[in-house]
Amino acid sequence: APLTPDVKISYEPKKFNSTLFRTSIYRQEPSPEVDQAWIDIGVHLSVILVDEDKALRAGFSKGHIKTPPAAGGQYYANVEVFHQLHCLNLLRKTSYWNHDYYANLGEVEFVNEDHIVRLHADNCLDALREQLMCTADIGILPYVRVRGKDRAYPDFPAATHMCRNFEDIREWARNAQTGREWTAHLYDPQPGDIVLDKIP
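No experiment lies behind these values; they were computed from the predicted model shown.

Cut-offs and rules
Residues numbered from 1 in each chain as written. Predicted model: local features only at pLDDT ≥ 70, side-chain atom pairs only at ≥ 80, totals over all residues. Heavy atoms only, no water. Helix = DSSP H or I, 4+ residues; strand = E, 2+ residues; numbered from the N terminus. Expected span 1.5 Å × (residues − 1). Buried < 20%, exposed > 50% of the residue type's maximum accessible area, 1.4 Å probe, protein only. Contact = heavy atoms within 4.5 Å. Phe/Tyr/Trp six-rings, centres within 6.5 Å; stacked < 30°, edge-to-face > 60°. Lys NZ or Arg CZ within 6 Å of the ring centre and 35° of its normal. 1 Å grid on protein atoms, 1.4 Å probe; cavity = no way out; pocket = protein on both sides within 12 Å on 5 of 7 lines; lining within 4 Å. Points joined across faces, edges and corners; volume = space filled by probe spheres on them. Nonpolar A, V, L, I, M, F, W, Y, C, P; charged D, E, K, R; others polar.

1. So, helix α5 (residues 114-135)
With 22 residues, α5 should reach 32 Å at 1.5 Å per residue; the first-to-last C-alpha distance of 31 Å fits that figure. Taken as a whole, α5 has its buried residues at Val117, Leu119, Asp122, Asn123, Leu125, Asp126, Arg129, Glu130 and Leu132. Check the buried side of α5 and you find it contacts α1 (32-40) and α3 (80-94). Downstream of α5 by a residue or two, Ala136 has a phi angle that is positive, lying close to 30°.

See the structure below:
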């Protein structure tokens, strides 16, 4: 559950710009500068401390890890959006592991040359980053101990999310789809149609 009482939520209009050929810092070749850009948006942010009443309202249990009573008895928590960005960054770093398998299949996205597949993957990564930052999930994750381990672990199943019904959305999209060959039905541009000079 989100910590909305503590977080001032404001909204701003923002145009996403994860176009195919645009190169944001987040999708460039690996380098210290690229890694720093990801760090700067919060992929390594540490845990926060949450007062007990807020933690319990967010779905934590009294058994989740907290500071000692003398130190305030606050609960350790991760803010969801930064965990999600961390996961996306990890996928960015590890994506080459599956490449050969799919390239050898030569299907769907992999019918293209490697440099186009790379552009496509970078485009997708940047689009997901923009969406994660736009919707910024402010839910929090508690921590637990694990017997025999000397560190704390996020208790992922403890977090409750208020979600859109994905099955309804998927069913709607399935029923509304036009089919994979929809571009065969394109007609010549008409006056007033947007025609760009290059692929966005």
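2. Some points on the packing of aromatic side chains
One pass over the structure, following the stated rule, counts four aromatic pairs. For the ring pair Tyr26 and Trp38, a centre distance of 5.6 Å and an interplane angle of 85° mean the geometry is edge-to-face. Of this pair, Tyr26 sits in the segment before α1 while Trp38 sits in helix α1, and the two are 12 residues apart along the sequence. Each member of the pair Tyr26 and Trp38 is classed as buried. With centroids separated by 6.1 Å and ring planes inclined at 25°, the aromatic side chains of Tyr102 and Phe110 adopt a geometry described as stacked. Of the aromatic side chains, those joined through ring pairs into one cluster are Tyr101, Tyr102 and Phe110. We note Arg151 situated over the ring of Tyr153; from NZ or CZ to the ring centre the distance is 4.4 Å.

3. Some thoughts on the layout of surface pockets
A water-sized probe, rolled over the atoms, reveals where empty space remains. Taken as a whole, the second largest pocket holds about 980 Å³ of empty space. Lining the second largest pocket we find 27 residues, and of these Leu91, Ser95, Tyr96, Ala121 and Asp122 sit closest to its centre. In terms of residues, the lining of the second largest pocket owes the most to one element, α5, which gives nine residues. Along the lines of polarity and charge, the residues of the lining of the second largest pocket split into 12 nonpolar, six polar and nine charged.

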